[in-house]
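Geometric and topological summary
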Amino acid sequence: MNRATFIRLTTGFTVGVGATIASLRHGGESHWINRDVLGLEKKKKNDGVVEAETKIIDTRLREYFNRQGNREIKAFDEIKKLTNSTFPKDAIMVTDLAELYFFRWLMPTLNVKKALEVGVFTGSSSLAIAKGLPKDGRLVAIDISDEFTKVAREFWKKEGINEKIDLRLGKGIDVLKELINNKSEVETYDFVFIDAYKPEYKDYYELSLKLLKKNGIMCIDNTLWERKVADPSNQETNTVFIRQFNEMVRNDPRVDIALTSIGDGVTFVRKL
Ligand SMILES: C[S@@+](CC[C@H](N)C(=O)[O-])C[C@H]1O[C@@H](n2cnc3c(N)ncnc32)[C@H](O)[C@@H]1O
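Within any chain, residue numbers begin from 1 and follow the written order of that chain's sequence. Predicted model: local features are reported for residues with pLDDT of at least 70 only, side-chain atom pairs are reported and counted for 80 or more only, and whole-chain, interface and lining totals are derived from all residues. Only hydrogens and water are removed before side-chain values are computed, so all heavy atoms of the structure are retained for them.

An unreviewed UniProt entry lists the protein under the name O-methyltransferase, from Reticulomyxa filosa. UniProt positions are given in the numbering used here, feature names are shortened, and annotations may be inferred rather than shown by experiment. Recorded in UniProt under Sequence similarities (unreviewed entry), the annotation for the protein is "Belongs to the class I-like SAM-binding methyltransferase superfamily. Cation-dependent O-methyltransferase family."

Below, the structure is given as C-alpha cells:
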C-alpha cells in the first residue's frame, strides 16, 4: 500500500483513509501520523476514540482551500507579508485568511452598510470588511495602537478603501462608550467584529450589542482559543476568560448564536 494512503497508529493499527476520518477505535496508546494525507489533526480521546478535528492545518490542503474556495484577493496576502516583515513577533495576530474571504463575502450577502470593529492591528479584517461594503458604506475601526494602525492606514490608502474606514484610536471600552453616548449611533450598526483584548470581550460584547441593530450580526474571534477552551486542565487567563465568555453568550436570551470552527473559532451572534 502506498504510504500516503493510510493512517498508521503507534500500535501498528493501520486503516484506509476513506473510512476513518470520523472515528477510529482501538485500545493502545496512539498518535496519528501523516497529517499530510488528510490535512486534519487527530487526537486520542480518553476512551480511545480518535476523532478528526476541523481546523485545516495542513499547508497543501490550506493552499488548495484558499485558492479554489475563493476568487483571489491579492491584498490579503500582501498585508500578511507586510505584517510579517514589519512586526514579525506579532504577525500571528493577523486574521485567518479563510475568515477574511468569508467576511468580504458576508458584507454584501447581509447587505451591511454600517460596520464596527474592535481590534484592527495592521488592518486585515478591516480591509476584508471594507472591501465588502458598498461605496457609501462605513466601518468604524477601533484600536489602541497608533504604531500598528499606521501600517493599516497606509495599506487601506493604497487599496483605495480608506474613505470607508473611520479609525478611532483608544481603548475599546472607552470608544464604544463614546459611540453609545451619541444617541444617534445606538442600534444603527449592521455588523460588528470583535478581536481585541480577550479579558475585555464581555465588555465589548455588551457595549456593541447596544450599537447593533435588531437582527444585526456580531462576530467574535478566537472563541476556540487554540482549542484550549475544551481542555479543562488549561486554566490560563485568556482560556478562562474565553470559556466564561462562551458560557455567557450561550445563555444570553437576547441573541441567537452559532459557534463555528473557522480560523481559531468564530462565534456568530444575531441580535434578537
Ligand atoms: C488580534 S489583534 C487584531 C487583528 C486584526 N483583526 C487583524 O485582522 O489583523 C488585536 C488588536 O487589539 C488591539 N488592542 C489590544 N488591547 C486593546 C484595547 N484595550 N482596546 C482596543 N484595542 C486593543 C491591539 O493593539 C491589536 O491591534
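Moving on, we come to the environment of P108. Strands are runs of DSSP state E lasting at least two residues, helices are runs of H or I lasting at least four, and both sets are numbered from the N terminus onward. Along the chain, P108 turns up in helix α4 (residues 97-109). In sequence terms P108 and G132 are 24 residues apart; their C-alpha atoms lie 5.9 Å from each other.

With that settled, consider the packing of helix α8 (residues 201-211) against helix α9 (residues 237-250). Fitting a line to C-alpha atoms yields each axis, with helices limited to the stretch in contact; the angle taken between N-to-C directions then spans 0 to 180 degrees. α9 packs onto α8 with a crossing angle of 30 degrees between their chain directions and a minimal axis gap of 9 Å. Taken together, the axes of α8 and α9 are roughly parallel relative to one another. For the pair α8 and α9, contact is made by Y201, K202 and Y205 and by I242, Q244, F245, M248 and V249, respectively. Ten residue types, Ala, Val, Leu, Ile, Met, Phe, Trp, Tyr, Cys and Pro, are classed as nonpolar, four, Asp, Glu, Lys and Arg, as charged, and the remainder, Gly among them, as polar. Here the residues of the contact of α8 with α9 are counted per class, giving 6 nonpolar, 1 polar and 1 charged. Small angles under 35 degrees read as roughly parallel and large ones over 145 as roughly antiparallel, with 65 to 115 read as roughly perpendicular and the rest as oblique. The contact criterion used throughout is that any non-hydrogen atoms of two residues lie within 4.5 Å.

Close contacts around the ligand come from 20 residues, with T95, S125, D143, G172 and D195 the closest. Pairing of N or O atoms within 3.5 Å defines a polar contact, subject to two protein rules: one partner must be a possible hydrogen donor and the other a possible acceptor, and residues neighboring in sequence count only if both atoms are side-chain atoms. The contact in question runs from a nitrogen atom of the ligand to an N or O atom on the backbone of G119, over 2.9 Å. Within the side chain of D195, an N or O atom sits 2.9 Å from a nitrogen atom of the ligand. Given that more than half its atoms are within 2 Å of the pocket grid, the ligand belongs to the largest pocket. Taken together, the residues that form the shell around the ligand break down as 9 nonpolar, 7 polar and 4 charged. Proximity criterion: a residue is near a molecule or strand once any of its heavy atoms comes within 4 Å of it. The definitions used throughout rest on a 1 Å grid laid over the protein atoms alone, on which a cavity is an enclosed set of points accommodating a 1.4 Å probe that cannot get out and a pocket is an open set flanked by protein within 12 Å on both sides along at least five of seven lines; lining residues are those having an atom within 4 Å of a point. Pocket occupancy is defined atom-wise: a molecule lies in a cavity or pocket when more than half of its atoms are within 2 Å of its grid points.

Moving on, we get to the pairing of strand β11 (residues 255-260). Only when DSSP finds a minimum of two bridges between them are two strands counted as paired. Both β11 and strand β12 (residues 266-271) contribute to a ladder of 6 bridges, which runs antiparallel. From the neighbouring strand, T260 faces β12, where its bridge partner is V266. Hairpin connection from β11 to β12: 5 residues lie between these consecutive antiparallel strands, with G263 at a positive phi of about 55 degrees.

Grid points are joined across faces, edges and corners, and a volume is the space filled by probe spheres set on the points. The calculated volume of the largest pocket comes to roughly 1,200 Å³. I92, M93, V94, T95 and N222 are the residues nearest the centre of the largest pocket, which is lined by 46 residues in total. Of all the elements in the fold, those that place two or more residues in the lining of the largest pocket are α2 (59-68), α3 (74-86), α4, α5 (124-132) and β7 (138-143). At 4 residues, α2 tops the list of elements feeding residues into the lining of the largest pocket.

Definition used in this section: a nonpolar core is a set of buried Ala, Val, Leu, Ile, Met, Phe, Trp, Tyr and Cys residues joined via side-chain atoms within 4.5 Å. When accessible area is computed with a 1.4 Å probe and restricted to protein chains, residues below 20% of their type maximum are described as buried, those above 50% as exposed, and intermediate ones as partly exposed. Membership of the largest hydrophobic core comes to 36 residues, with the highest contact counts inside it found for F76, F103, L127, I129, W156, F191 and C219. Setting aside anything within four residues of it in sequence, one finds C219 in contact with F103, F191, V192, F193, I194, V266, T267 and F268. Formed by 28 residues, the second largest nonpolar core is a distinct cluster that contains I173, I194, Y204 and I242.

A few words now on the pattern of salt bridges. Any two side chains of opposite charge can pair, given that their charged atoms come close. Salt bridges are defined by distance alone: a side-chain nitrogen of Lys or Arg within 4 Å of a carboxyl oxygen of Asp or Glu. In this structure the tally under the stated criterion is 18 salt bridges. When the shortest N-O distance is used, the salt bridge between K271 and E187 registers 2.8 Å. Here K271 is found in strand β12, whereas its partner E187 is found in the loop between α7 (172-181) and β9 (189-194), with 84 residues between them in sequence. Taking the relative accessible area as the measure of exposure, E187 reaches 45% and is therefore partly exposed. For the salt bridge of D252 with R254, the shortest nitrogen-to-oxygen distance reads 2.9 Å. Judged by relative accessible area, which is 7%, D252 ranks as buried. By relative accessible area, R254 is classed as partly exposed at 37%. Connected via shared salt-bridge partners are K114, R138, D166, R168 and E185.

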